[in-house]
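Architecture at a glance
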Amino acid sequence: MSGGRGIRFPLLVAGLASLVAGLFFLSLAVGQVWIDPLSAFSGGSAADRLILAEIRLPRALLGLMVGAILGLSGAVLQGLLRNPLAEPGLLGVSASASLGAVLAIHGGLVAVHAYALPLSALIGALLSVLLLQALVGRSGEILTLILAGVALTSLAGALTSLVLNLSPNPFAAMEIVFWMLGSLTDRSMVHVGLAGPFIVVGAVLLLLTGRALEALSLGQEVARSLGIRMGRTRALAVLGTALGVGAATAVSGAIGFVGLIVPHLLRPLVGHRPGRLLPVSALGGAAFLLAADLLVRVILPGRDLKLGVVTAIIGAPFFLWLLLSLKRRAA
Amino acid sequence: MCRPAVSLLAAVLLALSGAGASAGELAGVAGTSGEVGSPPLRVVSMNLCTDQLALLLAAPGQLRALSHLASDESVSVLSARARALPRNHGLAEEILRLDPDLVIAGTYTTRATVNLLRRLGLRVAEFAPARNFADIRENLTRMGALLHREAQARALTEAFDRELARLSADKGGARRPVLGSYAANSYTTGGGTLEAEIVTAAGFRHLGTELGLSGATRLPLESLIVANPDYVMSWRRWTATPARSGEILTHPALQKWFGPERRLWSDDRYWICGAPFTVEAVTALAAAVPGDGS
Amino acid sequence: MSGLVCDRITVPRGDRLTVDSVSFAAPRPQLIGLIGPNGAGKSTLMRAVAGLLPASGTAVWNGEDLTAMSPARRARALAFMPQERTVHWPLACREVVMLARLPYQGAFAGPSAADRRAVAEALAAMSVDGFADRAFDTLSGGEQARVLIARMLAQDPDLLIADEPASGLDPAHQIALMQVFRDIVAGGRSVLVSLHDLSLASRWCDRLLLMDQGRLVADGTPEEVMTADRMARVYGIAVRPLTIGGSFAVVPEGLAPSASAQTSEVMPIEEEGEGNERCLPRIA
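Residues numbered from 1 in each chain as written. Chains lettered and ligands numbered in written order. Predicted model: local features only at pLDDT ≥ 70, side-chain atom pairs only at ≥ 80, totals over all residues.

Digging into the overall build of chain C
The helix and strand inventory of chain C stands at 10 helices and 12 strands. In chain C, buried positions account for 46% of the 284 residues. (Helix = DSSP H or I, 4+ residues; strand = E, 2+ residues; numbered from the N terminus. Buried ≥ 20, exposed ≤ 12 C-beta atoms within 10 Å, placed from the backbone.)

Right under this line is the structure:
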């Protein structure tokens, strides 16, 4: 039925899933030293087992979940706004979530309850999405949207720096880089537990928009005449993004461009169908981030190269190219 | 409450890493002109470490102002004494207004300010952070000369050496355990640093030195576990304040691998600057481990 | 009561009424043409009937108020095709038409055999099955229009509401389209369609609704509605009524004598598009 346009959907899903599985395995194996995850648990040293279970497993799990939610939310935002440039990083959602997380940590909320961290990041993300919606309205006009995202990113970034600079802790200033560029280095199962549930719920909400996004290909009016409730769709997208991206950012910092690149690369493979794009973007996002995180470890081991550096080095030129191709098409 | 955390951070990192070689050369050149003539009477110090050296050596009334960090009890050993003096924030304007006849600065911080002050004709002496005990003695001697307090400097140097000698005499010939430092953001310190010298003087082998690291450098947690030092030492001060940077010190893998009996906690203030009180850091660290080479 | 009965449908916009208390009853399946000059309120009326705009009054379809129906139920009862022919992604035409089957599919279910059949029939009815697998954005304007009409057909509703479906089609496809609508009506369903082409409207529709400045000014058979006098007053044009093969048709001949004075009273255009349906750049 896919009729020559795109690969068969189940095949694509299976292919991406095995790619993710392979990268996940590599993510466990690659580090300061190579550890074979299969043999480590039967005959490896105690140190190997601990490193696998407490350092590399949480890192790989977070790479998987954070990448998946970033790819997925990018695909949903693009479908909702019918704009291939929409992405949580570019729109300032990630930066706002970072601000929320930083406020929770340095405002002492985290000391009260650990879940204050993802919740506060979630609120930051939610406010940014609502603000974007208020600014851009329903037109989803491309220029306004991107500019609003730029403004929001700078503002949230500046406020994050302010909070960290005001901190009495001298090491806080070093965190600015983390919150703006993101990293999965030396995270623990605690972080998986903090972010995991929110990311899973967020992903479910986002996946529920699939049908509506398909219908939205024909514009809002036809979508509504096809029985799509736009209010519900918007609420699902906003809440899902806030929950997922908020929690992901709370533990990994703001990682940009994943939600931009991944849906764009995969779109032709699903015949440009915005609903089908969702599950594959989640898988693709996971694969992309796991690969980027592996790259970080291989290129400059021990230097804690930030993940966002890698995704931006790949993503920013890609973004420019995308802008150019959009301009050519509009001309 | 707003403290310019960045400059403090620089001071901390610098102390941990021991700065660069070029900084030391600069200090030597800068100091040559100050030792003769009448003693300076309006001395302003702009750096936490020079603040403390000056406080230990200066005659009453000789100091006009210290950096604001000197009176910060979380980083300064001599905060109580420093509080009696006015503070500066390392800005050229406020330094000029104090009309100093000698400005003492660190080689690493406020470069632009130092250059400006020199251009405006002020006498500025720069001190490189101490990277070892010899540097401490040298800085003490030089500070004594600058302030015309040579006798005081000599007395402090002798006391410092006496204490060190006593501590090294305490150590038996037993196996020396390995100690690695682990700070916020997964930082550890390499060899050739003040930290390495303190750790060695306290009767340990220094992990950063044995791993061939240099300066302040990131050590991934898994590398620390693989290196498996007998003790992991962290600084106490900033672990209580919530920050993402400090989370690494409570990472489950770190906690599981190094039980509480293998974690040591030191007082940051004695480690930031190389000074006569550095010997306190050695004493405290040596006393932190029960028994001897067990 | 079966069929479509609209009662005092009113749509305010600002301090004006774009649709002012429009009532009509179409108890039997009919091909209803909605005509009127630009800005008469045709698009707004159709959106109001389709439940896409907040409006007062009622639009009752087979005894049920369309404006109060759940979106899911209404999606099976009526299909709507706006004037803008936008598809935001370069979807294959078959996929565009398949979107019409969403109201019949479960949350994560794929298309059923019935869905595929309906899509194939709709593609064939609009003669677009030849390029069913081509990307929508590679088609000409007329081809795109036919694919979107096929989309509406595949939704398999009892009531079709289409805004200017014939514009941009060549004469052969215009006639084919009207023939498709006639077949639908013959099958017991109703079609409400706005048309700018008066000949087409007069030749094919069972019934015409003539709107001017938000009001329904005439309602009846083409012959009853399209009097020379009324056409001159509302459109500012002179028409020639004809009888072709036994059925009525009009041909516009020229501007009515006082045309310029007439058109200046017509409200400014505001029916085209909703403003919230901007066409975004699409990428392949």
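The rest of the description comes next.
Observations regarding the confidence of the model for chain B
Considering every residue of chain B, the mean pLDDT works out to 84; 82% of them sit at 70 or more. For residues 1-35 of chain B, every residue scores under 50 in pLDDT, and the model assigns this stretch 78 contacts once sequence neighbours within four places are set aside. (pLDDT = per-residue confidence, 0-100. Contact = placed C-beta atoms within 7 Å.)

What to know about the interface of chain B and chain A
Between chain B and chain A, the contact holds 32 residues from the first and 32 residues from the second. Elements supplying a minimum of two residues to the side of chain B that touches chain A: helix H1 (5-17), helix H11 (221-227) and helix H12 (252-257) of chain B. For the side of chain B that touches chain A, the class distribution of residues is 19 nonpolar, eight polar and five charged. (Nonpolar A, V, L, I, M, F, W, Y, C, P; charged D, E, K, R; others polar.)

Quick look at the packing of helix H13 (residues 258-266) of chain A against helix H14 (residues 277-299) of chain A
All names here are of chain A. Relative to each other, H13 and H14 sit at 125 degrees, their axes nearing to 9 Å. Comparing their axes, H14 and H13 come out oblique. Regarding H13 and H14, the two cross each other, and that crossing is right-handed. Within the contact between the two elements, H13 uses Val258, Ile261, Val262, Pro263, Leu265 and Leu266 and H14 uses Leu277, Val280, Ser281, Gly284, Gly285, Phe288 and Leu289. Grouping the amino acids of the contact of H13 with H14 by side-chain chemistry returns 10 nonpolar, three polar and no charged. (Axes fitted to C-alpha atoms, helices over the stretch in contact; angles between N-to-C directions. Parallel < 35°, antiparallel > 145°, perpendicular 65-115°, else oblique. Left-handed = near helix turned anticlockwise from the far one by under 90°.)

Some words on the domain arrangement of chain B
All names here are of chain B. Taken domain by domain, chain B comprises domain 1 (5-163) and domain 2 (178-288). Contact residues are listed per partner, giving 29 residues for domain 1 and 21 residues for domain 2. Of all the secondary structure elements, the ones that give two or more residues to the side of domain 1 that touches domain 2 are H1, helix H3 (48-57), helix H7 (133-147) and helix H8 (150-170). In terms of residue count, the dominant contributor to the side of domain 1 that touches domain 2 is H1 (six residues). Here the side of domain 1 that touches domain 2 is built from residues that sort into 19 nonpolar, seven polar and three charged. (Domains from an automatic or database assignment.)

Quick look at the UniProt feature "domain: ABC transporter" (unreviewed entry) in chain C
Following the UniProt record, the feature "domain: ABC transporter" (unreviewed entry) maps to residues 4-238 of chain C here. Its end C-alpha atoms 32 Å apart, residues 4-238 of chain C is made of 35% helix and 26% strand. (UniProt positions renumbered as here; feature names shortened; annotations may be inferred.)

Considering the sheet that holds strand S10 (residues 231-235) of chain B
Residue and element names in this part refer to chain B. Strand order in the open sheet formed by four strands is S8-S6-S10-S11, with parallel pairing between adjacent strands. The open sheet has two edge strands with one neighbour each: strand S8 (205-206) and strand S11 (263-266). Two elements, S10 and S11, share four bridges in a ladder whose sense is parallel. Paired with valine 232 across the bridge in S11 is arginine 263. (Pairing = 2+ DSSP bridges.)

Let's talk about unusual backbone geometry
A positive phi angle, close to 50 degrees, is found at Asp99(B), a residue other than glycine. By the element assignment, Asp99(B) lies in the loop between helix H5 (92-97) and strand S4 (102-106). In this structure, Ser21(C) takes a positive phi of about 50 degrees despite not being glycine. Relative to the helices and strands, Ser21(C) is located in strand S2 (residues 16-26).

Here's the deal with the environment of Ile225(B)
Take Ile225(B): it is sitting in helix H11. Along the chain, Ile225(B) and Tyr270(B) lie 45 residues apart, while their C-alpha atoms are 27 Å from each other. Setting aside anything within four residues of it in sequence, one finds Ile225(B) in contact with Ala47(A), Leu50(A), Ile51(A), Ala253(B) and Trp257(B).

What to know about the environment of Ala223(A)
Mapped onto the elements of the fold, Ala223(A) is located in helix H11 (residues 220-225). For the pair Ala223(A) and Ala148(A), spaced 75 residues apart in the sequence, the C-alpha separation amounts to 26 Å.

Brief notes about the nonpolar core
Within the largest apolar cluster, 282 residues are counted, with the highest numbers of intra-cluster contacts made by Val49(C), Val97(C) and Ala150(C). A total of 18 residues in this core trace back to one element, the largest contributor, which is helix H3 (residues 46-81) of chain A. Of the domains in this structure, domain 1 (5-163) and domain 2 (178-288) of chain B are the two that each give at least three residues to this core. (Core = buried A, V, L, I, M, F, W, Y, C linked by C-beta atoms within 7 Å.)

Focus: helix H6 (residues 171-186) of chain C
All names here are of chain C. With 16 residues, H6 extends 22 Å from end C-alpha to end C-alpha; this agrees with the ideal 22 Å at 1.5 Å per step. Within H6, the full set of buried residues consists of Gln174, Leu177, Met178, Val180, Phe181 and Ile184. Buried residues in H6, looked at end-on, bunch into an arc of 150 degrees, giving them a common side. Among the exposed residues of H6, those pointing more than 90 degrees away from its buried face are Pro171, Ala172, Gln179, Asp183 and Ala186. The inward-facing, buried residues of H6 abut strand S3 (31-35), helix H4 (113-125), helix H5 (141-154), strand S7 (159-163), strand S8 (190-194) and helix H7 (198-204). Of the residues trailing H6, glycine 188 is marked for its positive phi of about 95 degrees. (Expected span 1.5 Å × (residues − 1). Arc of directions from axis to C-beta.)

Considerations on the sheet that holds S7(C)
Residues and elements named next belong to chain C. Taken in spatial order, the six strands make up an open sheet running S6-S7-S8-S3-S9-S10, and their pairing is mixed. The two strands at the open ends of the sheet, each matched to only one other strand, are strand S6 (78-81) and strand S10 (215-220). Neighbour-to-neighbour, the strand axes of the sheet open up by a mean angle of 15 degrees, direction not taken into account. Of the strand pairs in this sheet, S7 and S8 are connected by five bridges, and their pairing is parallel. Each residue of the ladder has a partner; that of isoleucine 161, found in S8, is leucine 192. Helix-sheet contacts for helix H1 (residues 42-49) involve S3, S7, S8 and strand S9 (207-212), and the interaxial angle to S8 is about 150 degrees. Along the sheet, H6 contacts S3, S7 and S8; its crossing angle with S8, the most-contacted strand, is approximately 150 degrees.

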